Amino acid sequence: MSDKDLQKSENTAVTEKIRNVKTFIPRVDIYETGEALFLIADMPGIDEKTVDVELEKNILKISGRVENGKVKDYSLVFSEYEVGDYERTFTLSDEIDREKIKATVKQGVLRLELPKAEKVKPKKIAINAA
Amino acid sequence: MFGPGIWRMKRFADSVPEIMDLQREINRLFSNVGQSTALDYPAINVWEKDDSLVVTMEMPGLEAENINVSVTGATLTISGVAKADPLKEGETYLRQERAVGNFQRNFQLPFQVDSKKVEAKYEKGVLNIALPRLKEDLPKKIKINS
């Protein structure tokens, strides 16, 4: 892993912006279980009020707004990271049951559970003795 | 600790910029002692007001009990462990970008810290450490008798 990989990467594709802050691409983990896909996104500085998950057709968009990275009354003297908003989009396949998507936020980490639709869940087929 | 004294500055005035650069490089080299890779991770921001510093660090998704902050004199050490979700058999990562594992960073602070008054809080995945300067370490005004 190079040095750069550990720093936040800026999302330059974001065009529609009103706020004058940078937008970053949150780092995500995605893993699959038999029942669902789990998407975990690192978005330090957000909480349940400032994060949005939108699903439009098959585009899942996660975004987070970080109000203020400043420490009150203090001035910045040394900086290794910048504070800004987050945005990233994903394309979902039809295999996801859109009605049952669940999202939780804990310590700046957004966790999405994307359950698989019934038709694609692995099924065990009972074999009857002939 | 490694700050150049005034007398050195004066005697080698021409080479001061080079010496400062070299000093910075060497400090950077040793700031990661105890860490397996020489990376600035997690990144920090340092804030200053009067006689106190605030260090903020983005480290989302940790448990507060897995973060260790310690101050010895003028050295701040932050270490911790980020854990991945335990996967059951047959479950696979399709994408893994988030950092996991142990990390440790040491910082040389510009003054002695009053370790009893250090406060650290962890909110929204951001660690915030307030480091007040030790009273005995404050510059003293010397009275001049005439």
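Residues numbered from 1 in each chain as written. Chains lettered and ligands numbered in written order. Predicted model: local features only at pLDDT ≥ 70, side-chain atom pairs only at ≥ 80, totals over all residues.

Undergrad: Any details on the overall build of chain B? Residues and values, ideally.
TA: Regarding its fold elements, chain B presents two helices and eight strands. Start at the N end of chain B and walk to the C end: the helices and strands fall as α-α-β-β-β-β-β-β-β-β. Split into buried and exposed, the 146 residues of chain B put 21% on the buried side. In chain B, once contacts between residues fewer than 6 apart in sequence are set aside, the share between residues at least 24 apart is 54%. (Helix = DSSP H or I, 4+ residues; strand = E, 2+ residues; numbered from the N terminus. Buried ≥ 20, exposed ≤ 12 C-beta atoms within 10 Å, placed from the backbone. Contact = placed C-beta atoms within 7 Å.)

Undergrad: Break down the interface of chain A and chain B for me, with residues and values.
TA: Listed as interface residues are 30 residues of chain A and, on the opposing side, 30 residues of chain B. Looking at the side of chain A that touches chain B, the elements with two or more residues in it are strand S3 (27-32), strand S4 (36-42) and strand S7 (75-79) of chain A. Of the residues forming the side of chain A that touches chain B, the biggest block, six residues, is contributed by S3(A). Each residue belonging to the side of chain A that touches chain B can be placed in one class, and the counts come to 15 nonpolar, seven polar and eight charged. Both S3(A) and strand S5 (residues 92-96) of chain B contribute to a ladder of four bridges, which runs antiparallel. Its bridge partner lying in S5(B), Asp29(A) is registered against Gln96(B). (Nonpolar A, V, L, I, M, F, W, Y, C, P; charged D, E, K, R; others polar. Pairing = 2+ DSSP bridges.)

Undergrad: Just give me the short version of the environment of Ile96(A), but keep the residues and values in it.
TA: Within the secondary structure, Ile96(A) sits in the loop between strand S8 (85-91) and strand S9 (102-106). Note: C-alpha distance between Ile96(A) and Leu37(A) (59 residues apart in sequence) is 8.3 Å.

Undergrad: Account for the environment of Trp47(B), with residues named and values stated.
TA: The residue Trp47(B) is located in strand S1 (residues 44-49) in this model. Sequence separation between Trp47(B) and Ala130(B) is 83 residues, and the spatial gap between their C-alpha atoms is 9.3 Å. Once you skip the residues sitting within four places of it in the chain, Trp47(B) turns out to touch Val71(A), Tyr74(A), Ser75(A), Leu76(A), Val77(A), Leu53(B) and Val54(B).

Undergrad: Could you give me a rundown of the sheet that holds strand S2 (residues 23-25) of chain A, with the residues and numbers involved?
TA: Residue and element names in this part refer to chain A. Overall, mixed pairing links the five strands, which are arranged S1-S2-S8-S6-S5 in an open sheet. The two strands at the open ends of the sheet, each matched to only one other strand, are strand S1 (9-10) and strand S5 (51-56). Inspection of the sheet shows S1 paired to S2 by two bridges, in the antiparallel sense. Bridging across to S2, Glu10 finds its partner in Phe24.

Undergrad: For the pairing of S5(A), give the residues involved together with the corresponding values.
TA: All names here are of chain A. Looking at chain direction, S5 and strand S6 (residues 59-64) are connected through six bridges and run antiparallel. Note on S6: the bridge partner recorded for Glu54 is Lys61. Joining the antiparallel neighbours S5 and S6 is a turn of two residues, in which Lys57 adopts a positive phi near 50°.

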